[in-house]
Amino acid sequence: MDRRKFLINSTLTTSGLVISGSFPHLKAQRHQSDLAGKDELYQIFNNPDIKYRPFVRWWWLGNKIQKKEIARELRVLKAAGIGGVEINPIAFPGTNQYSRKTEDLGIPTIEWLSDEWLEMLDFAFKEAASLDMTCDLIVGTGFPFGAEFVEPEDRSQVVVIAVKKFEGPVNTEYSLFDLYKEADPRITNEYTGRTMEMLSVKLVPDPLTNMDEVIDLSDQIESGVIKVKTSKGNYALYALVRVDGFERVIVGAPGGMGPVVNHFDKKAVGNFLNTISDRVNEKIGGFPSNFRSFFVDSMELEGANWKSDMLEEFKKRRGYDIFPYLPFILFKIGRMGNNIDPEYIADIKPELDEKLARMRYDWALTNAEVFRENFIATYSKWCTDNNVKSRAQSYGRGYFLVEGSFDIDIPEAETWIKRTEQYEIGDDIPEAEFKKIPWDLGRGYTMINKYLSSGAHLKGKRLVSSEELTHTREVFNEAFEIFKIAGDKSTITGVTHPVFHGFNYSPLDVPFPGWIIWGGAFSERMSSWPYFKHYTDYRSRLSALLLQGDMYADIALLAPTSDMWAELGAQNEPFPTHVMPDYQPLVWESIHQNGGACDYVSERIIRDADIVNGSLKYGDRTYQSIFLIEVESIIPEAAEKLYHFVSQGGRVFCIEKEPNGAPGWKDHEQRDQKVQSWVEKMKKHPNNFILIRRPQENFCDWFGEVQKKYELSPSVRIKDPKTYITQVRYQMSDGEVFFFTNASNSHNYTLEATFPEHITKGKQAWLWDATNGERYKLRLNGNSLTLPLGYADSAIIVFNNDTEGAYWEPLPIEGGARAKVINGVWDVELQHYSGKLEFTKMDALKDLKDVPQYTHFAGTVKYSNTFQVKDKNDVNYLNLGDVHGISTVAVNGKDLGVQWFGNRVYPLKDHIQEGENTVEIWVVTEMANYLKSLKDNNVVQRWNRNPLKSLGLKGPVQVY
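Rules used throughout
- Residues numbered from 1 in each chain as written.
- Predicted model: local features only at pLDDT ≥ 70, side-chain atom pairs only at ≥ 80, totals over all residues.
- Heavy atoms only, no water.
- Core = buried A, V, L, I, M, F, W, Y, C linked by side-chain atoms within 4.5 Å.
- Buried < 20%, exposed > 50% of the residue type's maximum accessible area, 1.4 Å probe, protein only.
- Helix = DSSP H or I, 4+ residues; strand = E, 2+ residues; numbered from the N terminus.
- Contact = heavy atoms within 4.5 Å.
- Pairing = 2+ DSSP bridges.
- Axes fitted to C-alpha atoms, helices over the stretch in contact; angles between N-to-C directions.
- Salt bridge = Lys/Arg side-chain N within 4 Å of Asp/Glu carboxyl O.
- Parallel < 35°, antiparallel > 145°, perpendicular 65-115°, else oblique.
- Left-handed = near helix turned anticlockwise from the far one by under 90°.
- Disulfide = S-S within 2.5 Å.
- Nonpolar A, V, L, I, M, F, W, Y, C, P; charged D, E, K, R; others polar.
- Expected span 1.5 Å × (residues − 1).

- Going by what an unreviewed UniProt entry lists, the protein is known as Alpha-L-rhamnosidase and is assigned to Membranihabitans marinus.

Right, here's the structure in full:
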């Protein structure tokens, strides 16, 4: 049984009870919903089509695949509520640094794109079709894509620097070998066949004041030795090196584990993609109707930045030759192309540093343009030509953060459930701590999600996918409650459909824990797997509903991307080395926490937008306010458009800084003056061009004050905003939908929300429950609603014209003075995951983690007891108290159902009797502690890195 668990911390005047929002599991109420559910939108929500169900990334490990197992696993997934699979051939465990060697049972590897592999692919397509399931297919194997067959001229390229610092006077020499060795980037997965070419060698004083001080020694390259003679002082020798074929596919499977394709080269990209489609068409005659899309995984290109004519491309676009300056705008890179040593380069004096920063921006901009034109456009067209959709994680170093999703049919974000030693999903995390890892600490969603969904909204796309609940460090080690908190937060960012990461192809006769390439929580071997469909049902209903509407926003955010590119270069989203400024995500979060709604935009989007009646309009999106987050550089065309926006009544809020110049080098003086001129004109409208200060802490309260001071009208006014309470609004053809979520794993909350009259007038307010498909009418006080929202809980509020149905009545979670704790001895039966059965007794309920003989338990614990009732009319509810696991309850032998998150309150109506009553409580625990006990299991120990977790029923169990 599914039910909601709303909470409220106020006292009922008649009973003294504190109430919650758990729904009574009564047949009469289900019948009421059936009677009321005649409208199409509700039917879509109540019984979602399989296309709305979550998909799963299905790793074909080492391509050790067999038809019988493919068929079995598809059925396992279908039974668990999965609607589609992303077929993802990947390395076999133990063949890379991410996993431990695993017994392969002698099952042979099938090479990617071979006839036999394509036969298996065709079989999977047909089996999925027979189950009405959808298939996606990753481009290549692993990431980023490449293969053994990629020709040298089609392999990825990068230009890097080697810097040798020394103190003169010296009279020495450096071999090219020494410089190549110094330059060779220490990336994640180096390709052994990489080749290098020395492009230039230059000697500079350290510090470097101007380019006239640079001595070009490149004429010595041909000799193989660079001779250096200097006088007294500090110097730096800069070598500029091109590395061809420098990276190898990360976790690639045989046939697709060679050098990475050059994503900046249109011909190279086309050659690779056409090889795939040609082989598929040749062997299986094209793609079946249940094949939805090709998928491009992480654009973790390890810093790739080059193609053969990159210098010509740069000069054509930017109007000057970058080559003399190129060594001085690059950084020392390592894994994922990140700047690994800020002190590696020579000290640059301010005047030259400003010039080089402008050129660094130009370099990043050129890379992003070339990448979009030569990779994104080519990939998108190839998918269209093959009558399938394009799906991609459209972000990474060298991407336009918002526009990256424009050309992709199904843009994909990503949401993780990883934890640190101190924090996990749902914890209270101080803002100062969050800013240290500002892309996902405690949130689940990564920093790219909001950018990506904004781009999708700007192009009218409703389907926003997400690599969901990713965990690369643990296995079978998360509570469904954590899934829900992280998934709900992902939904807040604009995600409308999850692709779970992931499901490892693993025959049942593989020893525990099976074949595992990444950590993950999705396996038929985890103790909670029989209950997983509860979560997939919840996500299915949420997706089915939200995909019928458009996420609302009336505030635009502009981040200082140009300034970041100039100072730091492009970052590796979604895990950048730096977020600029470090508090940037707190701005959009605080807007939604205060009932507002926003999208990210870019300078080019502002430039291309229209100004209509004081609003910024791009496509179907309309914004009344724009917040510039410490933006100093902005293209003149965007500054001009902002002026027209302000002059017609729109409002621009500049956080901390006002724009004072334009990015880029060519004609920068004139372009700076244009920006400054437009800013000065905007300042003549002080009520519409406003400088505001950021808070030192508490962004939630800060934006509430900004909202109040400047009379910003939110979608819903929340009386007492909290950082863990947030919302989004979707507009449907026949109503308005609000999704509220409590992302705390401990705090209960009473939501007091006031909605605009244009939303409530003539409409009925409903509470739709995604856990079971029920809906209930809500009583408003004018335009206001009071709604308990317990920890880990969520609420879908719908305003429409339907009127028939039962009213929602909350359930009490505290009985006050009438509450009676069920004491006495508990009979405890422990059905261990290993098959061992134990019996014990407990005088008092306690955390099994703290009971030495059960510390490493995993499985199902059954707690049994009795309690006396004098008057059955006085006892209506059972509260389990603190529970760590999935709970099922029976009272007097009558099943009360399953609850898997939040507070566990069960209605007892019609189940209680006077005299003695029996209560049986089953709790399915997580497996983390059990895994720690398997010291001799090398694979398990690779994936078990966190402290012991609480287990079982802690109580107190009460009736009232």
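**Details of the nonpolar core**
Step number 1: Of all hydrophobic cores here, the largest spans 265 residues; its most connected members are Phe-294, Tyr-379 and Phe-532.
Step number 2: The element that contributes the greatest number of residues to this core is helix H9 (residues 350–385), accounting for 16 residues.
Step number 3: Phe-294 has contacts with Leu-137, Ile-138, Val-139, Ile-276, Phe-287, Tyr-379, Trp-382, Cys-383, Val-388, Lys-389, Ser-390 and Arg-391, leaving out every residue within four places of it along the chain.
Step number 4: Judged by nonpolar contacts, the second largest core, of 31 residues, contains Leu-830, Leu-848, Val-851 and Val-861.

**Some details on the sheet that holds strand S16 (residues 555–558)**
Each strand in a sheet pairs with its neighbour through backbone hydrogen bonds, running either in the same direction (parallel) or in the opposite one (antiparallel).
Step number 1: Spatially, S17-S16-S21-S22-S23 is the arrangement adopted by the five strands of the open sheet, whose pairing is parallel. The open sheet is flanked by strand S17 (598–601) and strand S23 (689–692), the only strands paired with a single partner. Here the strands of the sheet are splayed against their neighbours by 25 degrees on average, with no regard to which way each runs.
Step number 2: Sheet topology places strand S22 (residues 651–655) next to S23; four bridges connect them, and they run parallel. Paired with Cys-654 across the two strands is Leu-691, which belongs to S23.

**Side note on the pattern of salt bridges**
Step number 1: Counted under the stated rule, the structure contains 60 salt bridges.
Step number 2: In this structure, Asp-537 and Arg-53 form a salt bridge, with 2.7 Å as the shortest nitrogen-oxygen distance. Here Asp-537 is found in helix H13 (residues 532–546), whereas its partner Arg-53 is found in the loop between helix H2 (40–46) and strand S3 (55–61), with 484 residues between them in sequence. The residues Asp-537 and Arg-53 share a single accessibility class, namely buried.
Step number 3: Salt-bridge contacts for Asp-122 lead to Lys-126; the nearest nitrogen and oxygen are separated by 3.1 Å. Of this pair, Asp-122 and Lys-126 both sit in helix H4 (residues 115–130), four residues apart, which is roughly one turn of the helix.
Step number 4: Overlapping salt bridges, with partners in common, bring together Arg-57, Glu-86, Asp-136, Arg-292, Asp-297, Arg-391, Glu-412 and Glu-467 in one network.

**Describing the packing of helix H6 (residues 266–284) against H9**
Step number 1: The contact between H6 and H9 brings their axes to 9 Å, and the two run at 25 degrees. The orientation of H6 relative to H9 falls into the category roughly parallel. Here H6 runs over H9; the crossing is right-handed. Residues Lys-266, Val-269, Gly-270, Leu-273, Asn-274, Ile-276 and Ser-277 of H6 form the contact with H9, whose own contacting residues are Asn-374, Phe-375, Thr-378, Tyr-379 and Trp-382.

**Regarding the state of the cysteines**
Step number 1: Summed over all chains, the structure comprises zero disulfides.
Step number 2: Free of any disulfide, Cys-598 has its nearest neighbouring cysteine sulfur in Cys-700, separated by 13 Å.

**Let's talk about the packing of H9 against helix H14 (residues 561–568)**
Step number 1: Contact geometry of H9 with H14 gives a least axis separation of 7 Å together with a crossing angle of 110 degrees. Comparing their axes, H14 and H9 come out roughly perpendicular. Crossing of H9 over H14 shows right-handed handedness. On H14, the residues touching Ala-357, Arg-360, Tyr-361, Ala-364, Leu-365 and Ala-368 of H9 are Ser-562, Trp-565, Ala-566, Glu-567 and Leu-568.
Step number 2: In terms of residue class, the contact of H9 with H14 is built from eight nonpolar, one polar and two charged.

**Comments concerning the environment of Val-924**
Step number 1: As for its position among the elements, Val-924 is in strand S42 (residues 915–924).
Step number 2: Residues Val-924 and Ser-887, 37 residues apart in the sequence, show an inter-C-alpha distance of 6.6 Å.
Step number 3: Excluding residues within four positions of it along the chain, Val-924 makes contact with Ser-527, Ser-528, Tyr-531, Gly-859, Thr-860, His-884, Gly-885 and Ile-886.

**A closer look at H6**
Step number 1: In a regular helix each residue adds 1.5 Å, so 19 residues correspond to 27 Å; H6 covers 27 Å between its end C-alpha atoms and thus fits that length.
Step number 2: For H6, the complete set of buried residues consists of Ala-268, Val-269, Gly-270, Phe-272, Leu-273, Ile-276, Ser-277, Arg-279, Val-280 and Ile-284.
Step number 3: Looking at the packing, one finds that the buried side of H6 touches H4, strand S10 (291–296) and H9.
Step number 4: Immediately beyond the C-terminal end of H6, within one or two residues, lies Gly-285, with a positive phi of roughly 75 degrees.

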